[in-house]
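Chain residues, written in single-letter form:
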Amino acid sequence: MSFSEIQGQTDIKAHLQSAIQHNKFSHAYIISGEKDSGKMMLAEAFAQTILCEEGGDDACGECQSCHQAAGHNHPDIHYVLHEKLNSIGIDDIRTQLNNDIVIKPYSSKYKIYIVDEAEKMTEQAQNALLKTIEEPPEYGVIFLLTTSATTFLPTILSRCVLLDLKPVNQDIIKRELMHKHGMPDYQAEVCAAFSQGNFGKAIKLAESQEFNELKNTMVDFVKRAASQGVYEINEIATELVKSETVNIQDYLDLMTIWFKDVLLYKSTGDNKLVTYQDEIMIIKRQSAEMSFEGLENIFKAIDTCRKRLSANVNSNLTVELLLMEVKENMI
Ligand SMILES: [Zn+2]
């Protein structure tokens, strides 16, 4: 992985590459960002670059070291693994990091340790790591990748450089999906909007048949909601809830994007702002028929539905109430 292969995250890339160029990088970084947002790619680009035989501010991709790094078999890049699924314990840190980092690099100037899901470190593990972070050997660089930097002890936080991943601009994601993944315009638009700036998520969605089906199911409902009877709505809700492939939260996100489209078109009349480009005629019609108040009610209902679902209230009933609320506000 080289920096040039990573889309977006311009500030963080610039920061890391400049640090490499001036040989002034930190011995400990925390990269914080949601799942699939590119934390590992950044850590790997950094590792590959500082180990690259060309010695530039980006990995050449050609030298032996780059090949080893790209193949995940570089002897000086260490991925700290954990035995227990949900926690990184003191033994994991001691054996794979603390006791290993004291041994000089095998074939290069540096040794890089990447701890993925570092939020799973127990307090003892963090304390054990702290000693190494306080006095790291000159050749050692540690990356803690996390979805939440707030889980770290203040003493860890104060000794690491914190890099916080920002959402990537949706237009960049859309372009990438269209050009590199050959997606049609309107589909790329939905995936980009849905990913909320998370590149990895956008690509996963783009490749997911289930996501596409979920989108169609949702669109199918909002198109015909006004004319659905109570019995049909009850059936739709039951199917959504019992389906093993449907993620209700995703369904709600897709629905939110739909009604945002209706709202945006209603307030601006601008075609270009619409995410569901392939359904533009229906979005236009609904924006003419629906009131601002009705839209507001739907957003509130989606929000309530989300809260109830996470509080484990009867999900069938919760979803049914939402669908009813949508129906009633669409006329
Ligand atoms: Zn290289």
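Residues numbered from 1 in each chain as written. Predicted model: local features only at pLDDT ≥ 70, side-chain atom pairs only at ≥ 80, totals over all residues.

(A) Structural view of the overall build of the protein chain. Secondary structure summary: the protein chain contains 15 helices and five strands in total. Overall, the C-alpha framework of the protein chain stretches about 70 × 40 × 30 Å when taken along its three principal axes. Within the protein chain, buried positions represent 37% of all 331 residues. Long-range pairs, those at least 24 residues apart, make up 71% of the contacts in the protein chain with a sequence separation of at least 6. (Helix = DSSP H or I, 4+ residues; strand = E, 2+ residues; numbered from the N terminus. Buried ≥ 20, exposed ≤ 12 C-beta atoms within 10 Å, placed from the backbone. Contact = placed C-beta atoms within 7 Å.)

(B) Region of interest: the sheet that holds strand 2 (residues 77-79). Pairing within the open sheet is parallel, and its five strands lie in the order 2-3-4-1-5. Edge positions in the sheet fall to strand 2 and strand 5 (161-164), since each has one partner strand and no second. Neighbour-to-neighbour, the strand axes of the sheet open up by a mean angle of 20°, direction not taken into account. Bridge count between strand 3 (residues 111-115) and strand 4 (residues 140-146): five bridges; the pairing is parallel. The residue of strand 4 that forms the bridge with Tyr-113 is Ile-142. Sitting on the sheet, helix 4 (residues 90-101) touches strand 2, strand 3 and strand 4, and the angle it makes with strand 3 is about 160°. (Pairing = 2+ DSSP bridges. Axes fitted to C-alpha atoms, helices over the stretch in contact; angles between N-to-C directions.)

(C) How the structure looks around the packing of helix 8 (residues 185-195) against helix 9 (residues 199-206). Put simply, helix 8 and helix 9 touch, their axes get as near as 8 Å, and they point 140° apart. Our classification of the angle between helix 8 and helix 9 gives oblique. Classified by chirality, the crossing of helix 9 by helix 8 is right-handed. Taken together, the residues of helix 9 that come into contact with helix 8 (itself represented by Cys-191, Ala-192, Phe-194 and Ser-195) are Lys-201, Ala-202, Leu-205 and Ala-206. When the residues that make up the contact of helix 8 with helix 9 are grouped by side-chain class, the tally is six nonpolar, one polar and one charged. (Parallel < 35°, antiparallel > 145°, perpendicular 65-115°, else oblique. Left-handed = near helix turned anticlockwise from the far one by under 90°. Nonpolar A, V, L, I, M, F, W, Y, C, P; charged D, E, K, R; others polar.)

(D) Main features of the nonpolar core. Of all hydrophobic cores here, the largest spans 44 residues; its most connected members are Ile-31, Tyr-113, Val-115 and Phe-143. Of all the elements in the fold, those that place two or more residues in this core are helix 1 (10-21), strand 1 (28-32), helix 2 (39-51), helix 3 (64-70), helix 4, strand 3, helix 5 (123-134) and strand 4. Element by element, the count of residues in this core is highest for helix 2, at eight residues. By size, the runner-up hydrophobic cluster in this structure holds 42 residues, among which are Ile-233, Leu-263, Met-290 and Leu-322. (Core = buried A, V, L, I, M, F, W, Y, C linked by C-beta atoms within 7 Å.)

(E) Spotlight on the environment of Glu-44. Among the structural elements, Glu-44 can be located in helix 2. Placed 90 residues apart in sequence, Glu-44 and Glu-134 show a C-alpha to C-alpha distance of 23 Å.

(F) Seen up close, the pairing of strand 1. Burial of strand 1 is extensive: five of the five residues sit out of reach of the surface. The alternating pattern of strand 1 places Ala-28, Ile-30 and Ser-32 on one face and Tyr-29 and Ile-31 on the opposite face, and all of these are buried. Pairing geometry for strand 1 and strand 5, over four bridges, is parallel. Bridge pairing links Tyr-29 to Val-161 in strand 5.

(G) Local environment of the domain arrangement of the protein chain. The assigned domain composition of the protein chain is domain 1 (3-164) and domain 2 (208-328). Here domain 1 and domain 2 have C-alpha centroids that lie 42 Å from each other. (Domains from an automatic or database assignment.)

(H) View of helix 2. Spanning 13 residues, helix 2 covers 19 Å between terminal C-alpha atoms, matching the ideal 18 Å at 1.5 Å per step. Along helix 2, the positions that sit buried rather than exposed are Lys-39, Met-41, Leu-42, Ala-43, Glu-44, Ala-45, Phe-46, Ala-47, Gln-48, Thr-49, Ile-50 and Leu-51. (Expected span 1.5 Å × (residues − 1).)

(I) Spotlight on the packing of helix 14 (residues 292-310) against helix 15 (residues 315-328). Close contact between helix 14 and helix 15 brings their axes to 9 Å; oriented N to C, the two are set at 175°. As far as their axial angle goes, helix 15 and helix 14 are roughly antiparallel. Each of Asn-297, Ile-298, Ala-301, Ile-302, Cys-305, Arg-308 and Leu-309 in helix 14 lies in contact with helix 15, whose residues at this interface are Ser-315, Thr-318, Val-319, Leu-322, Glu-325 and Val-326.

(J) Region of interest: unusual backbone geometry. Its identity as a non-glycine residue notwithstanding, Glu-117 has a phi of 50°, on the positive side. The phi dihedral of Gln-196 falls on the positive side, at around 50°, and the residue is not glycine. With respect to the element layout, Gln-196 can be found in the loop between helix 8 and helix 9.

(K) Highlighting helix 11 (residues 230-242). End to end, helix 11 covers 18 Å across 13 residues, agreeing with the expected 18 Å (1.5 Å per residue, within 8%). For helix 11, the full list of buried residues reads Ile-233, Ala-237 and Leu-240. Projected down its long axis, helix 11 shows its buried positions confined to an angular sector of 65°, all on one face. The exposed residues of helix 11 that point more than 90 degrees off its buried face are Tyr-231, Glu-239 and Lys-242. (Arc of directions from axis to C-beta.)

(L) Fine view of the environment of Leu-240. Within the element layout of this structure, Leu-240 appears in helix 11. With 22 C-beta atoms counted inside 10 Å, the residue Leu-240 sits in the buried group. Through-space distance from the C-alpha of Leu-240 to that of Asp-164 is 35 Å; in sequence the pair is 76 residues apart. Leaving out residues up to four positions away in the same chain, Leu-240 has contacts with Val-246, Ile-248, Tyr-251 and Val-319.

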